[in-house]
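Structural features, examined
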Amino acid sequence: MEAQHWIHSLCGSRAEWAKTPWVIDGKTYATNGYYLLVIDGAVEGVLPATMQARDNMTRVLDIPAIRLRMAVTVSLADLKTWAGTAEKKTSETIECPECDGAGEEKCSKCGHVAECETCGGKKTIVDVTAPKPRIARLCGELFDCNILATVLEQLGGETCTVEIGVKSYSPARLTGAGWLVVVMPLKDWEGPEGEPFPV
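Residues numbered from 1 in each chain as written. Predicted model: local features only at pLDDT ≥ 70, side-chain atom pairs only at ≥ 80, totals over all residues. Heavy atoms only, no water.

Here we take up the environment of G84. Looking at the secondary structure, you find G84 in the loop between α3 (76–83) and β5 (90–95). Exposure remark for G84: the relative accessible area of 30% places this residue in the partly exposed category. Considered as a pair, G84 and L148 are 64 residues apart in the sequence and their alpha carbons are 8.7 Å apart. (Helix = DSSP H or I, 4+ residues; strand = E, 2+ residues; numbered from the N terminus. Buried < 20%, exposed > 50% of the residue type's maximum accessible area, 1.4 Å probe, protein only.)

This is the structure in structure tokens:
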């Protein structure tokens, strides 16, 4: 996958400043709210950061060194194999369930017919299905392996260092050759868990 397309596909935050990747001091950044990716070099076609993005990254990355519970160097290939294949959202166009594909609705009180608010009169909507979470432990914390697989799939190198802070629910920092990933663990998961990553 082309670098510019891949880096854009990693963005998905609700925050306006994080809907697209950006460049600060020769490094390219992308986030979806669950992870932050920083790669060395400016990816072609990615614009410089807005002031808001720059301020937010200063707060995230310039914090004093956290006390670490664990720091291990692992095989990147083994980590990718454990995380599995990145599953993507799927979407399909379906008949609008609100107006049953009519494109308009009738008011139950006055009988007035108006354009359907759900589909905007188009008679169909796009139904998006997110992949099911695949939860497992990395260095004692719970992570969605699909999120890890998504952000790791195009990253290279033989090894990466995984760091986890002393506090519960500390984000994991994964550092490889020319890249850094900060990924948030899950707090409240009561479903099934996959095999933990062996460290």
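The next subject is the pattern of salt bridges. Within this structure, the stated rule accounts for six salt bridges. Linking R134 and E87 is a salt bridge whose minimum nitrogen-to-oxygen distance equals 3.4 Å. Of this pair, R134 sits in the loop between β8 (124–129) and β9 (135–138) while E87 sits in the loop between α3 and β5, placing them 47 residues apart in sequence. For R134, a relative accessible area of 25% puts it in the partly exposed group. With relative accessibility at 37%, the residue E87 sits in the partly exposed group. (Salt bridge = Lys/Arg side-chain N within 4 Å of Asp/Glu carboxyl O.)

A few words on the packing of α3 against helix α4 (residues 145–152). Remark: α3 packs on α4, axes separated minimally by 8 Å, with the N-to-C direction vectors making an angle of 135°. With respect to α4, the element α3 is oriented oblique. Here α3 and α4 pass one another in a crossing that is left-handed. Judged by residue contacts, L76, L79, K80, W82 and A83 of α3 engage C145, L148, A149 and L152 from α4. Grouping the amino acids of the contact of α3 with α4 by side-chain chemistry returns eight nonpolar, no polar and one charged. (Axes fitted to C-alpha atoms, helices over the stretch in contact; angles between N-to-C directions. Parallel < 35°, antiparallel > 145°, perpendicular 65-115°, else oblique. Left-handed = near helix turned anticlockwise from the far one by under 90°. Contact = heavy atoms within 4.5 Å. Nonpolar A, V, L, I, M, F, W, Y, C, P; charged D, E, K, R; others polar.)

Judged by nonpolar contacts, the single largest core of 37 residues is most densely connected at L37 and W179. Of all the elements in the fold, those that place two or more residues in this core are α1 (3–9), β3 (35–40), α3, β9, α4, β11 (159–165), β12 (172–176) and β13 (179–183). Per-element tally for this core: the top contributor is α4, with six residues. Setting aside residues no more than four positions away along its own chain, W179 makes contact with L37, V38, I39, L76, L152, L155, G156, C160 and L174. Grouped together as the second largest cluster of nonpolar side chains are 12 residues, W22, Y29, L36 and A53 included. (Core = buried A, V, L, I, M, F, W, Y, C linked by side-chain atoms within 4.5 Å.)

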